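Listed below are the residues making up each chain.
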Amino acid sequence: KPAKLWGGAFGEATDKTMELFNDSLPFDKRLWAADLAGSKAYAAALTEAGVIDSDQSSKMRQGLSDVRKEWADNKFVEIEGDEDIHTANERRLGDLVGTDIAGRLHTGRSRNDQVATDLRLWLRAEVHALRSLLRGLVEDARDVAGSDEAQGALMPGYTHLQRAQPVRYSHWLMSHAWAWTRDAERLDALWARSDRCPLGSGALAGHPFFDEEQRRKLSDALKFGGGPTPNSMDSVSDRDFAVEFTQWAALLGVHLSRWAEDLIIYGTKEFAFVSFGQRYSTGSSLMPQKRNPDALELLRGKAARLAGHQATLTSLLASCPSAYNKDLQEDKEPVFDAAHQLRVALEVARGVLTTTEIHPERMRSALEPAMLATDLAEHLVRKHNVPFRETHHVAGAAVRLAEKENTSLAGLSKAQLATLHPAFENDSDADVAALWDFDRSAESRDAQGGTSIRAQKEQVAALSAWLART
Ligand code: ARG
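Parameters and conventions
- Residues numbered from 1 in each chain as written.
- Predicted model: local features only at pLDDT ≥ 70, side-chain atom pairs only at ≥ 80, totals over all residues.
- Helix = DSSP H or I, 4+ residues; strand = E, 2+ residues; numbered from the N terminus.
- Rg over C-alpha atoms; globule rule 2.2 N^0.38 Å.
- Buried ≥ 20, exposed ≤ 12 C-beta atoms within 10 Å, placed from the backbone.
- Contact = placed C-beta atoms within 7 Å.
- Pairing = 2+ DSSP bridges.
- UniProt positions renumbered as here; feature names shortened; annotations may be inferred.
- Near = placed C-beta within 6 Å.
- Nonpolar A, V, L, I, M, F, W, Y, C, P; charged D, E, K, R; others polar.
- Domains from an automatic or database assignment.
- Core = buried A, V, L, I, M, F, W, Y, C linked by C-beta atoms within 7 Å.

Details of the overall build of the protein chain
Here comes step 1: Secondary structure summary: the protein chain contains 21 helices and four strands in total.
Here comes step 2: In terms of overall dimensions, the protein chain is more spread out than a globule: its C-alpha atoms have a radius of gyration of 31 Å, far above the 23 Å expected for 470 residues.
Here comes step 3: With the principal axes as the frame, the protein chain shows a C-alpha extent of 100 × 55 × 40 Å.
Here comes step 4: In the protein chain, which comprises 470 residues, the share counted as buried stands at 37%.
Here comes step 5: Counting only contacts in the protein chain whose residues sit at least 6 apart along the sequence, the fraction spanning at least 24 positions is 75%.

Structure below.
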């Protein structure tokens, strides 16, 4: 039976079930490349510090490269006793170069600073991949919103899911794109805070062979931008980067879900503002007519899963005393899964976004004159200088009158309106008729951020500038 790396003080074998309970290799093996990169840099630092000589160092590093190749070629053989990726790699290094060499690698190092380093290195690559997918999603949204079709498509904007005021489809789409730009910025910011090297902290008390220079060089070799971590106890305790990452993921999940939810509604036959590409829809096993927006429903579902991951991590950490505790082994699966789910989710979101067809005539036919009640009030402000609060009541009374007369707001005559406010006496019939124009309403909202065509183009340009900056 293979001896445990930590077995010296133990006279009894670990219970079989306990061993399975303890093993993390089944899920942390995905850290293999990060773990070997960390070990290579660590071997170089040990050489610098005079702990191993250059012959031992080059044999050690060659051995690490050979282990790397085994993982890369899918030829690494796991054996009993490989409890996690760190022990597995060190054990295999010993097989290849002998334990006289391999047995020196862990000098001054603990799996505590090792795992904290590995997880950051792994996450760094994910952060870059996710960042570029997210950028791509914003770019796709910008492209769609930049089209004449999307800007020309006037649809009801909703609050409380009740028809509110006319807005452009591009305006609606960019409302989501701006949330995604904030997600991208949050990712940059959280990574900037996480970008420090815990390696060289030992188990908790610090490194017995390194000096400041060696920790800095180790950090540089592993390309951490922020240098070594400042406190060895904090180094092995700190999982803020994992918490922040899952919190970030949860919020991005919320944003993707809200976008998806809007689209699911817009895609119903009752709305029919959009229809979805067949490549991102699925059918029913029973009802032949069905085309279901499963891609969007899954995006909505993933938000719940991502929210769970951040809850797991925050409660995991809240109960841990400082420095390392084995609870921390539970930090990995939520992080791995959050990254994996979002990688796929973002790709699917891009696919849906770029293949969704829009139906501007359906959108337009859902507009109704009541959505211009605010415009009626604004007319009294603009043309007749009536205080808005008063005009709001007048327009409200007009809505009621139209309901009573069984007509639409646009069906009220100038004379009927004049019974509600004398200022209408000074309007011509044409002045009043001109109010019931959805495009005019949209074009009147021309301040930055509004729904006029000019404001759409301004937003598209602002998104382009954001894309160019990041
Ligand atoms: N597999 C462990 C983890 O993921 C590595 C660190 C183990 N450290 C220890 N002191 N037992 O957290």
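What to know about the pairing of strand S2 (residues 162-168)
Here comes step 1: The sheet contact formed by strand S1 (residues 154-159) and S2 spans six bridges and is antiparallel. Looking at the pairing, Pro156 lines up with Pro166 of S2.

Looking at the UniProt feature "domain: Argininosuccinate lyase C-terminal" (unreviewed entry) in the protein chain
Here comes step 1: Mapped onto the present numbering, the UniProt feature "domain: Argininosuccinate lyase C-terminal" (unreviewed entry) falls at residues 371-440.
Here comes step 2: Within residues 371-440, the helical portion is 60% and the strand portion 0%, while the C-alpha atoms at the span's ends are 13 Å from each other.

Some details on the environment of Arg142
Here comes step 1: Counting through the fold element by element, Arg142 comes out in helix H7 (residues 111-145).
Here comes step 2: Given 22 C-beta atoms within 10 Å, Arg142 falls into the buried group.
Here comes step 3: Taking C-alpha positions, Arg142 is 30 Å from Gln310, a pair spaced 168 residues apart along the chain.
Here comes step 4: Not counting the four nearest positions on each side in its chain, Arg142 is found in contact with Ala177, Val460, Leu463, Ser464 and Leu467.

Digging into the site of the ligand
Here comes step 1: All residues in the neighbourhood of the ligand are listed as Ser24, Asp28, Asp84, His86, Arg111, Asn112, Val115, Tyr324, Lys326, Leu328 and Gln329.
Here comes step 2: Looking at which element gives the most residues to the shell around the ligand, the answer is H7, with three residues.
Here comes step 3: Classifying every residue of the shell around the ligand by side-chain character gives three nonpolar, four polar and four charged.

Overview of the domain arrangement of the protein chain
Interfaces are often sized by the amount of accessible area the parts lose when they come together.
Here comes step 1: Each assigned domain of the protein chain is listed here: domain 1 (21-107), domain 2 (113-157 + 167-207 + 227-359) and domain 3 (369-469).
Here comes step 2: Placing a centre on the C-alpha atoms of domain 1 and another on those of domain 2 gives a separation of 33 Å.
Here comes step 3: Taken together, the contacts link eleven residues of domain 1 with twelve residues of domain 2.
Here comes step 4: Among the elements that line the side of domain 1 that touches domain 2, the one with the most residues is helix H3 (residues 32-48), at five residues.
Here comes step 5: When its residues are assigned to classes, the side of domain 1 that touches domain 2 shows five nonpolar, three polar and three charged.

With respect to unusual backbone geometry
With the exception of glycine, the majority of residues adopt a negative phi angle, and the majority of peptide bonds are in the trans configuration.
Here comes step 1: For Ala272, which is not a glycine, the phi torsion comes out positive at approximately 55 degrees.
Here comes step 2: For Ala272, the location among the structural elements is in the loop between helix H12 (240-266) and strand S3 (274-275).
Here comes step 3: One non-glycine residue with positive phi stands out, namely Ala323, at about 65 degrees.
Here comes step 4: Position of Ala323 relative to the elements: it lies in the loop between helix H13 (294-318) and helix H14 (332-355).
Here comes step 5: Under the C-beta neighbour-count criterion, Ala323 is labelled partly exposed, with 17 such atoms within 10 Å.

Some words on the nonpolar core
Here comes step 1: With 93 residues, the main nonpolar core has Ala141 and Leu173 as its most contacted residues.
Here comes step 2: Top contributing element to this core by residue count: H7, with 14 residues.
Here comes step 3: Aside from chain neighbours lying at most four places away, what touches Leu173 is Ala141, Val144, Ala145 and Ala150.
Here comes step 4: The next biggest cluster of nonpolar side chains, apart from the first, holds twelve residues, and it includes Leu376, Ala398, Leu409 and Leu412.

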